[in-house]
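If you want the building blocks of each chain, they are given just below.
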Amino acid sequence: MRVDYVHHGEGIWFHAFSALVLLCIFLAIYLELLFIGLLPLAVLFTIVACQDLSKLFYLLFAVLPFTVEYNFPNGLGIDIPAEPLMMLIAALSVGMIVVRAHSIPSRYVLNPISLLLLLHLIWIVFASIYSHDVIRSAKFILAKLWFIIPFYALPFWFLKSEKQILSWIKVLLISVTTACIYVWINHAPSGFSFQEINHAAHPIFRNHVNYAGMLLVTIPFFWVYLSTKSLSKLAKLCLYALGLCLVISIVFSYTRAAMISLLLGVASSIVIHYKLLRPLLIVGMIGTVVVVCSLIQDNQFINYAPDYERTISHQRFDNLIEATAKGEDISTMERAYRWVAGGYMVQDRPLTGFGPGTFYTAYEAYTLSIFSTYVSHNPDQSTIHNYFFLILVEQGVFGLIIFVCLCLYALTRGEALYHYYYGFKRRLVLAATVLLIMILLMNLINDMVESLKVGSFFFISLFIIAKYDMEMREEKRTLSAEYQ
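About the criteria used
Residues numbered from 1 in each chain as written. Predicted model: local features only at pLDDT ≥ 70, side-chain atom pairs only at ≥ 80, totals over all residues. Heavy atoms only, no water. Helix = DSSP H or I, 4+ residues; strand = E, 2+ residues; numbered from the N terminus. Contact = heavy atoms within 4.5 Å. Areas by Shrake-Rupley, 256 points an atom, 1.4 Å probe, with all protein chains shown as cover. pLDDT = per-residue confidence, 0-100. Salt bridge = Lys/Arg side-chain N within 4 Å of Asp/Glu carboxyl O. Buried < 20%, exposed > 50% of the residue type's maximum accessible area, 1.4 Å probe, protein only. Axes fitted to C-alpha atoms, helices over the stretch in contact; angles between N-to-C directions. Parallel < 35°, antiparallel > 145°, perpendicular 65-115°, else oblique. Nonpolar A, V, L, I, M, F, W, Y, C, P; charged D, E, K, R; others polar. Core = buried A, V, L, I, M, F, W, Y, C linked by side-chain atoms within 4.5 Å. Patch = residues over 30% accessible without salt bridge, like charges linked within 9 Å, V, L, I, M, F, W, Y side chains within 5 Å.

### Considerations on the overall build of the chain
Helix and strand content of the chain: 20 helices and two strands. By sequence separation, contacts in the chain at least 24 residues apart represent 75% of the contacts at least 6 residues apart. For the chain, the computed accessible surface area is about 24900 Å², with 68% contributed by carbon and sulfur atoms.

Laid out in structure tokens, this is it:
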């Protein structure tokens, strides 16, 4: 009788799914919307994902380098296929968290990084209430959630052991290497020229900055994988070749921020080893305040207004570097154009800002024409090109303070954990801390924390530091209890 019951239940589900397939095909033909025909596959995919969410998590990193931007006719943009996967993972995760709320360790939530991240989210919601464009800010909140859940919260379940972490790194390396080969094949016919790099990276990378950023965030995990696995000489030789290719690819991406961030990332590992990170952070913050104050005093920034006719784009990388030094590079001076506008915006709304995700819709009224360049009409709808400044403009002073505290705590804990652990954990913590430093350095002249191929690793690095911070506290608590 039990066998008959099982077969009867399977038959009902089979007929129900068949009916759904036929219905979707009919609607796709009748409405001339072909994507409706794919809905049964999406349903089947969701059912499989519910059975084992970890497979969906690994799949996300497998497709991440190949994700492309798609803009709908109404102006809404989405990154396919990674962003739909992130939405699905976030939705399933919320359900999982609700069902298993009683079994989730309190240390996951009460860790200082988790609490600061939660405070960051709460302030984003608060700032959205006073937003210049509430709809845009609401979309920003949703996007932030499906960043934080897959890349910060879920790894606590799926990246627990060394074996799981190494498997995840392996998936990432294979995927990024394949994407890198694709760009090299496209770029090689032009002799790896500066002019063709954006075209070579397209469509899987928006531009050369996005491409370089993806390579940059991969290198620390490559080092962890190389230094951990017991590999044959041939395998190690192949990995060394891969590492060299990643570095050369960053050079051929012609991305100044990525090159500088890579060099400073290597230097920061030495700084962390000798426990010099805290004093350097203090010096850096003091230096930033001094520079900003000197620029705004008596409107001194006006003296740095560009020459409109001489501030142009360049076809050679060496010319670009020279123009940057002279203040004649169009991308550098366009940043100045938006930074000046941002300064006036902060004066207008210092506490709550203009609302998350609203800089593009509000900044034009605050610009100064003497700083304008040939690209000031901003066809790409890009933002201010400094993530810290962007937070100040969109979320106000308190939003910036919360974000800076989150970063400072993570960096200082990363240094402390490096000197506490040995072996694999020590290397992984160092990789996460260096990665966080490189991402923050790159965001001094970019705004990529909301960029999928770089921002996702910002939250992964926070997760790694939070994970081992919790483990260290637990170990110390256990040892303390044993001595008592």
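### Some points on the confidence of the model for the chain
When pLDDT is averaged along the chain, the result is 84; 86% of the residues meet or exceed 70. Confidence drops under a pLDDT of 50 for residues 316-320, and excluding neighbours within four residues, the segment shows 10 contacts in the predicted structure.

### Comments concerning the pattern of salt bridges
Counted under the stated rule, the structure contains nine salt bridges. Across the pair arginine 206 and glutamate 69 runs a salt bridge, and its minimum N-O distance is 3.8 Å. Of this pair, arginine 206 sits in the loop between α10 (197-201) and α11 (208-228) while glutamate 69 sits in strand β1 (residues 68-71), and the two are 137 residues apart along the sequence. Overall, arginine 206 belongs to the partly exposed group, its relative accessible area being 46%. On the basis of relative accessibility, which here comes to 45%, the residue glutamate 69 falls in the partly exposed class. Between glutamate 471 and lysine 425 there is a salt bridge, with its nearest N and O atoms 3.1 Å apart. Of the two residues, glutamate 471 sits in helix α20 (residues 452-483) while lysine 425 sits in helix α19 (residues 423-442), which places them 46 residues apart along the sequence. Of the residues examined, glutamate 471 reaches a relative accessible area of 24% and is grouped as partly exposed.

### Points about the packing of helix α4 (residues 82-99) against helix α7 (residues 134-153)
One way to put it is that α4 packs onto α7 with a least axis distance of 9 Å and a crossing angle of 75 degrees. By the angle class used here, α4 and α7 are roughly perpendicular. Residues Glu83, Met86, Met87, Ile89, Ala90, Ser93 and Val94 of α4 touch α7, and the partners they reach there are Trp146, Phe147, Ile149, Pro150 and Phe151. Residue composition of the contact of α4 with α7, by class: 10 nonpolar, one polar and one charged.

### Describing unusual backbone geometry
When glycine is set aside, most residues are seen to have a negative phi, and most peptide bonds are trans. A cis geometry characterises the amide bond from isoleucine 80 onward to proline 81, with omega recorded as 5 degrees. Examined against the element boundaries, proline 81 turns out to sit in the loop between β2 (77-80) and α4. Backbone torsion omega between histidine 202 and proline 203 reads 5 degrees, so that peptide bond is classified as cis. Inspection of the secondary structure puts proline 203 in the loop between α10 and α11. Non-glycine residue lysine 275 carries a positive phi angle of around 55 degrees. Looking at the element boundaries, lysine 275 is found in the loop between α13 (256-273) and α14 (277-296).

### A word on the nonpolar core
One finds Tyr152, Trp168, Phe221, Phe457, Phe458 and Leu462 to be the most contacted residues of the largest nonpolar core, which totals 131 residues. With 15 residues, the single largest contributor to this core is helix α18 (residues 387-418). Setting aside residues up to four positions removed in sequence, leucine 462 forms contacts with Ile113, Leu117, Tyr152, Leu406, Ala410 and Leu436.

### Some remarks on a nonpolar patch on the surface
Judged by side-chain polarity, Val109, Leu110, Leu115, Leu118, Leu119 and Ile122 come together as a nonpolar surface patch covering roughly 530 Å² of accessible area. Looking at the nonpolar patch, the elements that each hand over two or more residues are α5 (106-110) and α6 (112-129). The biggest single contributor to the nonpolar patch is α6, with four residues. Position of leucine 118 relative to the elements: it lies in helix α6. By relative accessible area, leucine 118 is classed as partly exposed at 43%.

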